[in-house]
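Coordinate analysis (summary)
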Amino acid sequence: MLQDDHRFLYRAIDLAKEACQLGNDPFGAVLVLNGVIVHEALDRSVELSDPTYHAESAVIAEYCRSHHLFSLEGYSLYASTEPCVMCSGAIHWARISRVVFSVSQAMLQEITGGRPKPGCSDILNAGHRTIEVVGPLLTEEGLAALVGYSETLSRIERHRKRFSTDYDSASPFDNP
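Heads up: these notes are all about the structure in this document. All values derive from a computational prediction rather than experimental measurement. (Residues numbered from 1 in each chain as written. Predicted model: local features only at pLDDT ≥ 70, side-chain atom pairs only at ≥ 80, totals over all residues. Heavy atoms only, no water.)

**Structural notes on the pairing of strand 1 (residues 28–33)**
For strand 1, the tally of buried residues reaches five of six residues, placing the bulk of the element in the interior. Two successive antiparallel strands, strand 1 and strand 2 (residues 36–42), enclose a turn made up of two residues, where N34 displays a positive phi of approximately 50°. Two strands pair when backbone bridges link them, and strand 1 and strand 3 (residues 76–81) are joined in this way by four bridges, in the antiparallel orientation. Within strand 3, the position partnered with L31 by the bridge is L77. (Buried < 20%, exposed > 50% of the residue type's maximum accessible area, 1.4 Å probe, protein only. Helix = DSSP H or I, 4+ residues; strand = E, 2+ residues; numbered from the N terminus. Pairing = 2+ DSSP bridges.)

**Some words on the pattern of salt bridges**
Considering all chains together, one arrives at six salt bridges under this definition. Salt-bridge contacts for R7 lead to D4; the nearest nitrogen and oxygen are separated by 3.1 Å. Here R7 pairs with D4, and both are found in helix 1 (residues 2–21), just three residues apart, close to one helical turn. (Salt bridge = Lys/Arg side-chain N within 4 Å of Asp/Glu carboxyl O.)

**Some points on the sheet that holds strand 3**
With respect to topology, five strands assemble into an open sheet ordered 2-1-3-4-5, the strand pairing being mixed. In the strand order of this sheet, the two ends are held by strand 2 and strand 5 (132–134), each with one partner. Strand-to-strand, the axes of this sheet are offset by a mean angle of 15°, without reference to chain direction. Note that strand 4 (residues 98–103) and strand 5 share three bridges and pair parallel. Residue pairing for strand 5: V100 is matched across the bridge by V134. (Axes fitted to C-alpha atoms, helices over the stretch in contact; angles between N-to-C directions.)

Put into structure tokens, the structure is as follows:
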């Protein structure tokens, strides 16, 4: 399975690079069933003005909606970076069976200077089911997708720059 893990992780890392090129955060996720990619997503939080539009939660929501599924038992999720707390919750509730990631939360926080965050295994396995968590894997490749990430503008600043006319003309108290 390690060869397949690497193949799917490489795809998640490529998606992370694509997200970064589009001005979003550098994160990508791939959903796999029986050794086949069934859906993939990249972070589009800045682009869509949605701070919850992380790659992992997006791949779950998009796939479940389009296939009218509520449970992804038997599926594996591959992520360029260890899922955050919010995405770990989505993975747990979607009943995904396996998570494989490249860069750990600890590595990410070291790069960004952020505060330590819980690992996804603690969140995913807080209930009665056990979700297999594998990682970090291919860390050099995963870290390459994050090069310069800590030096980029914050999400809010990138969003403001992208939609500057909206910010320039609107009061913070205006209703959209």
